[in-house]
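Overview (structure and organization)
What follows is the residue order along each chain.
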Amino acid sequence: MRIKQLLLGELFIDRLMPVCLNRLGELILVCGVKGWIITTLEGVPVLKNSQQWVWSIEHCDNTNTIALGCLDGTLWCYQIVFNKVHGLYHEKYAYRENLTDVIIHHLTSGTKVKIKCHDKVQKIAIYKHRLAVQLPERIVIYEQSDTDGMLYRVKEKIPQKAECSLLVATSSALLLCQDAKLVMIGGKNLASWNVPASIRYVKVTTVQNKEALLLGLANGEIWKVDLDEASMEVLVTIESAIRCFDLSSSKSMIAIVDESCCCHVYMIATQQLLFTEMLNQGDNASKALSVAEVYAYRGKFIDAARLYRSNGQSHRALTMYTDLRLFHKAQEYMDSEDVSDLIKKRAEWAQHINEPRVAAEMFLAAGDIKSAANIMAQNGWVDMLVETGRNLDKGASDNLYVVAQALISIGHLESATELYQKLGDQHAMVKMAVKMENWEQAFQLVKQNPEYKEEVYIPYAQQMARDNHFIEAHKAYHMGGQTESAARVLGVLIQNAIAEERFNDAAYLHWLLASQSLEISQTVDDIDQQQNWIESYNENEKYATIYFTFHIVHQSIHEVFSVCQPETLFNAAKIVLSLVENNVHPPKGISLFSVYLCLAKQGRLLGANKLARQMLDKIQNLKVPFKIQENVEVLTLLSRAGLNDSNEVTPLCYRCSHHFTPLSTVCNYCGHNLYHSFLTFEILPLVAFTIEDDITVEEALQLIESDVSSLEARPNDQENSQILRIENLSNLKDVFSNKSFEDDKNGKVVCNREDLKILQPLSVIVINRRKPLETLFFRNVMPDLHIQYCPHCYKLFYVDDLESQLISKALCSFCRSQLIDGNGTEPLKSIISSSSFSLE
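Quick caveat: nothing in here was measured; it's all calculated off a predicted structure.

Attention now goes to the overall build of the protein. Summing up its helical and strand segments, the protein has 25 helices and 35 strands in all. As displayed, the protein has an accessible area near 45600 Å², and 49% of this comes from carbon and sulfur atoms.

Have a look at this one:
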């Protein structure tokens, strides 16, 4: 059927010999040599005319009016009016849409169902579960397939071309009203009735438990038709033509409205008039307005406007003159409320005739900032938009947002940011800064508004990753809260660094992972999760230490020259070995061959021949690279020169005064750990200790700072003199030597309050690490050797070593954190000179 209709529409168009095509809403306007035609978008002809030689066809935007230009120079104007086609039964309302569709709207539930008829819908009737649709050549009857839903299926198609004024559906049949004749079709019994006047209104109802038809005639009579018995009778008669009527719920009374809008209420059984009431008194006014419409269509605009004003319809005169673009005339009929509307009309007309600047200025004058801003944006008038935004008051927030969006649409983000700043919209300013990639401004805004950090740091991280700045990308991901993405970036970088033998960079990347884990542990509340993040911190800090020290070992093996002293290389290799030898497999990239070879070479130089032979024996079980195989054989021969290890490679335990074995980092006698300076890897004279559980860190610091010196001044018996007596310092209790380390397998000393009071403040090092890490306490048994620690990674250094590092770089060698700020001052905590431990 759809193909047939499309072909039919094409046939009509072809016969026209078309020369112009236009569109009116859902309709297509076509004109040609042999007339003009209106069809739907599906090609269904709606209206056609055989007017000859029509060269152009146009329509008015605001009304269903079309204008035709003909060959003979005439201009024709038509108003296309389509009658409302609809039907109502209780809560179901059926109406025509787009001329070819039927919409059934359930008024209670709001459900709508569309039925596509693919032809022009002329009449609609709905009754109970039945729906009848009259098309040009047939009548289609639909029935509801489900009682609760809105599903309609085709029940019957009746060929019917006859025109009718009304279409009525009953339970079993259809009725066609043709002036004064009523014809029943589609039922078991076909019948027809003739009435004395034109039928004006029809209603299907139930009277005395039987379905009946009530007819309202133009002569004032109301007839009842019994469809089963095909009988008719008059119920009520009034003096004027009937417009509509309805029955009461009890079916005992009927209300009738005549053409003069007078309502008559009758008792049906006795035909007694109960009362009469006028519904409308505006007939004269309606007639005057009708005359005004006629004047307007005939071009008598002044007379039409005068009638409109005299009948209180000045707005119609305003609309008429506005449509005619006679704005100076329209001003005579506008109220104060209509000024902005008239200006908008003039602006729309200026836009229509391609005068955008005039249109924009008029929209601004009318207060329609949105329309004005759209015109400015379409034409790229940045200066005009900026000026508009600056002239707007801060209270006009909606208009400011409109202007800002217009500026964004043409890429002028800085001016949009200025408007958002005027509005105080921090969120929008953040978005603009990100779009402009003005990261400095974005970071400043995030400091003031931390809730937007994800919207800033994640785009920044993505840009850094695109620019191959992966460290910055990791930091940004972490700051933005995407810890998984941050860890993933570092994981890839670590693998690349190890594959390229950049072990120093691998150490730094592992330290970044450790720092990230520590920061996350400070934000979680769950104890188990916090402990997991602390374990992650410890693991990554361990890997960072391994790769940091192995970097020096690897360089000493694979590079021709090494600037490191033998002691440095020996201690570095020993640290690596102590951290990896207990693992089943060493970390990726760590070569035990390089560690063994470094220990063998440096051990021989330091007089540890026995240790060198042990390392070379281990190397024999490994695959030796060919290019250094000869060097290993020579080293093996040289190591046989001595039998024992020198004391230089057997360090002294600063807690128990016993010597370590050459490769040990933990004292075999007291369990004390060795601590190294992380520049030269020289062993530090430190002994770790802890405080009792009931002592807080603050209290411990106060106890250490307390004055327990045996230096005291006592007054002499002699006048005007004092004698300074120095007590025997040997009487002081050595808290560390008196501890029974035989029972302490952890290698740490636990101090009570009395022990802390005895300690010399200048010999104590306190590393107050970030929570939830514990505070570390050390005793420097050689206070003359000054020691500092990095406040970021907590690695310890000799002060002399650290000063040498700061001369070349102002960074920590391990964590690469800045140790000297822009003013040249050191933010490091100087333990030995800390005012907290100074004695007055």
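For the rest of this paragraph, the subject is the environment of I520. Mapped onto the elements of the fold, I520 is located in helix α17 (residues 503-521). Spatially, the C-alpha atoms of I520 and Q530 are 8.0 Å apart, while their sequence positions differ by 10 residues.

The strand order β1-β2-β3-β4 describes an open sheet built from four strands, whose pairing is antiparallel. Two strands bound the open sheet, and with one partner strand each, they are β1 (18-24) and β4 (45-49). Geometrically, the sheet is characterised by an average inter-axis angle of 15° between neighbouring strands, direction not taken into account. For strand β3 (residues 35-40) and β4, the ladder comprises four bridges, and the chain directions are antiparallel. Looking at the pairing, I37 lines up with K48 of β4.

Where burial is concerned, most of strand β28 (residues 686-691) is hidden: five out of the six residues are buried. Strand direction decides the pairing type here: β28 and strand β33 (residues 776-780), joined by four bridges, are antiparallel. Considered in β33, the bridge of L686 is made with N780. Relative to strand β31 (residues 749-751), β28 is paired through three bridges, and the arrangement is parallel. Across the sheet, I691 pairs through a bridge with C751, a residue of β31.

Considering all chains together, one arrives at 14 salt bridges under this definition. Here E97 ties to K114 by a salt bridge, and the two come within 3.7 Å at their closest N and O atoms. Here E97 is found in strand β9 (residues 92-97), whereas its partner K114 is found in strand β11 (residues 112-116), with 17 residues between them in sequence. Among the residues examined, E97 registers a relative accessible area of 27% and is labelled partly exposed.

This part covers the side chain of Q122. Checked against the element boundaries, Q122 lands in the loop between β11 and β12 (123-127). Ignoring sequence-local partners within four residues, the contact set of Q122 consists of V85, Q134, L135, P136 and E163.

Okay, a nonpolar patch on the surface next. Together, V19, W53, W55 and L71 make up an exposed nonpolar region whose accessible area comes to about 390 Å². Assignment of secondary structure puts V19 in strand β1.

Take the pairing of strand β23 (residues 231-237) next. Bridge count for strand β22 (residues 221-226) against β23 is six bridges, and the pairing is antiparallel. By the bridge assignment for β23, E221 is matched with T237. What sits between β22 and β23 in their antiparallel hairpin is a turn of four residues, with A230 showing a positive phi close to 55°.

Here the focus is the environment of C70. Relative to the helices and strands, C70 resides in strand β6 (residues 65-70). When the C-alpha positions of C70 and V54 are compared, they lie 4.4 Å apart, and in sequence the two are 16 residues distant. Excluding anything up to four places from it in sequence, C70 contacts Q51, W53, V54, W55 and W76.

In this section: the sheet that holds β9. Strand order in this open sheet of four strands is β8-β9-β10-β11, and the pairing throughout is antiparallel. On the outer flanks of this sheet lie β8 (86-89) and β11, each paired with one strand and no other. Here the strands of the sheet are splayed against their neighbours by 15° on average, with no regard to which way each runs. Two strands pair when backbone bridges link them, and β9 and strand β10 (residues 101-106) are joined in this way by six bridges, in the antiparallel orientation. The partner of E97 across the bridge, within β10, is D101.

Bringing unusual backbone geometry into the picture now. The peptide bond linking K771 to P772 adopts the cis configuration, its omega dihedral lying at 10°. Checked against the element boundaries, P772 lands in the loop between β32 (764-767) and β33.

Turning to the packing of helix α16 (residues 483-499) against α17, a few remarks are in order. Between α16 and α17, whose axes approach to 8 Å, the crossing angle comes to 165°. With respect to α17, the axis of α16 lies roughly antiparallel. α17 is crossed by α16, and the crossing has left-handed handedness. Here T483, A486, A487, L490, L493, I494, A497 and I498 of α16 lie close against α17, whose contacting residues are F503, D505, A506, L509, H510, L512, L513, Q516 and I520. The residue inventory of the contact of α16 with α17, partitioned by class, reads 13 nonpolar, three polar and one charged.

With that settled, the discussion passes to the packing of helix α18 (residues 527-558) against helix α19 (residues 566-580). Running from N to C, α18 and α19 point in directions that differ by 135°, and their axes come no closer than 9 Å. With respect to α19, the axis of α18 lies oblique. Where α18 crosses over α19, the two elements pack in a sense that is left-handed. Contact with α18, carried on its side by K542, T545, I546, T549, F550, I552, V553 and S556, involves L569, A572, A573, I575, V576, L579 and V580 of α19 and no other residues of that element. Tallied by class, the residues present in the contact of α18 with α19 amount to 11 nonpolar, three polar and one charged.

Here we take up the nonpolar core. Counting residues in each nonpolar core, the largest one holds 123 residues, and the members touching the most others are Y420 and F814. In this view, Y420 contacts Y401, A404, Q405, I408, D425, A428, M429 and M432; residues no more than four positions away in its chain are not counted. C117, Y127, I158 and L167 belong to the second-largest nonpolar core, a separate cluster that totals 48 residues.

With 83% of its residues at a pLDDT of 70 or more, the protein has an overall mean of 78. Confidence drops under pLDDT 50 across residues 1-9; counting only partners more than four residues distant or on other chains, this segment forms 14 contacts. Within the model, pLDDT remains below 50 along residues 709-733, and this stretch shows 19 contacts once partners closer than five positions in the same chain are excluded.

Before going further, it helps to spend a moment on the packing of aromatic side chains. Within this structure, the stated rule accounts for 17 aromatic pairs. Seen in terms of ring centroids, W36 and Y78 are 5.3 Å apart; in terms of plane orientation they differ by 50°. Their pairing is tilted. Within this pair, whereas W36 is found in strand β3, its partner Y78 is found in strand β7 (residues 75-79), the two being separated by 42 residues in sequence. Residue classification places W36 among the buried residues on the basis of a relative accessible area of 2%. Both rings, one in F678 and one in F814, keep their centres 5.8 Å apart while their planes meet at 80°; by these two values the pair is edge-to-face. Of this pair, F678 sits in the loop between α22 (629-638) and β28 while F814 sits in the segment after α25 (799-808); the two residues are 136 residues apart in sequence, bridging distant segments of the chain. Accessibility assignment for this pair places F678 and F814 in one class, buried. Taken together, W511, Y537, F548, F678, F681 and F814 form an aromatic cluster joined through their ring pairs.

For the coordinates displayed, the defined rule picks out zero disulfides. Cysteine C70 remains unbridged, with the sulfur of C31 as its closest cysteine sulfur at 8.6 Å. When its relative accessible area of 11% is taken as the criterion, C70 is described as buried. You can see C164 has no disulfide; the closest cysteine sulfur is in C177, sitting 7.5 Å from it. Exposure remark for C164: the relative accessible area of 8% places this residue in the buried category.

With that settled, consider the environment of S677. If you trace the backbone, S677 turns up in the loop between α22 and β28. Separated by 119 residues in sequence, S677 and L796 place their C-alpha atoms 5.4 Å apart. The residues touching S677, leaving out its near neighbours within four places in the chain, are E682, L684, L796, F797, Y798 and D801. Within the local environment of S677, its side chain forms a polar contact with the backbone nitrogen of Y798, the two atoms lying 3.4 Å apart.

Relative to the 46 Å expected for 32 residues at 1.5 Å per residue, α18 spans 46 Å between its end C-alpha atoms, a close match to the ideal helical length. For α18, the N-terminal cap is D526; the gap from its side-chain oxygen to the backbone nitrogen of D528 is 3.1 Å.

Conventions used here
Residues numbered from 1 in each chain as written. Predicted model: local features only at pLDDT ≥ 70, side-chain atom pairs only at ≥ 80, totals over all residues. Heavy atoms only, no water. Helix = DSSP H or I, 4+ residues; strand = E, 2+ residues; numbered from the N terminus. Areas by Shrake-Rupley, 256 points an atom, 1.4 Å probe, with all protein chains shown as cover. Pairing = 2+ DSSP bridges. Axes fitted to C-alpha atoms, helices over the stretch in contact; angles between N-to-C directions. Buried < 20%, exposed > 50% of the residue type's maximum accessible area, 1.4 Å probe, protein only. Salt bridge = Lys/Arg side-chain N within 4 Å of Asp/Glu carboxyl O. Contact = heavy atoms within 4.5 Å. Patch = residues over 30% accessible without salt bridge, like charges linked within 9 Å, V, L, I, M, F, W, Y side chains within 5 Å. Parallel < 35°, antiparallel > 145°, perpendicular 65-115°, else oblique. Left-handed = near helix turned anticlockwise from the far one by under 90°. Nonpolar A, V, L, I, M, F, W, Y, C, P; charged D, E, K, R; others polar. Core = buried A, V, L, I, M, F, W, Y, C linked by side-chain atoms within 4.5 Å. pLDDT = per-residue confidence, 0-100. Phe/Tyr/Trp six-rings, centres within 6.5 Å; stacked < 30°, edge-to-face > 60°. Disulfide = S-S within 2.5 Å. Polar contact = N/O pair within 3.5 Å; in protein donor to acceptor, adjacent residues only side chain to side chain. Expected span 1.5 Å × (residues − 1).

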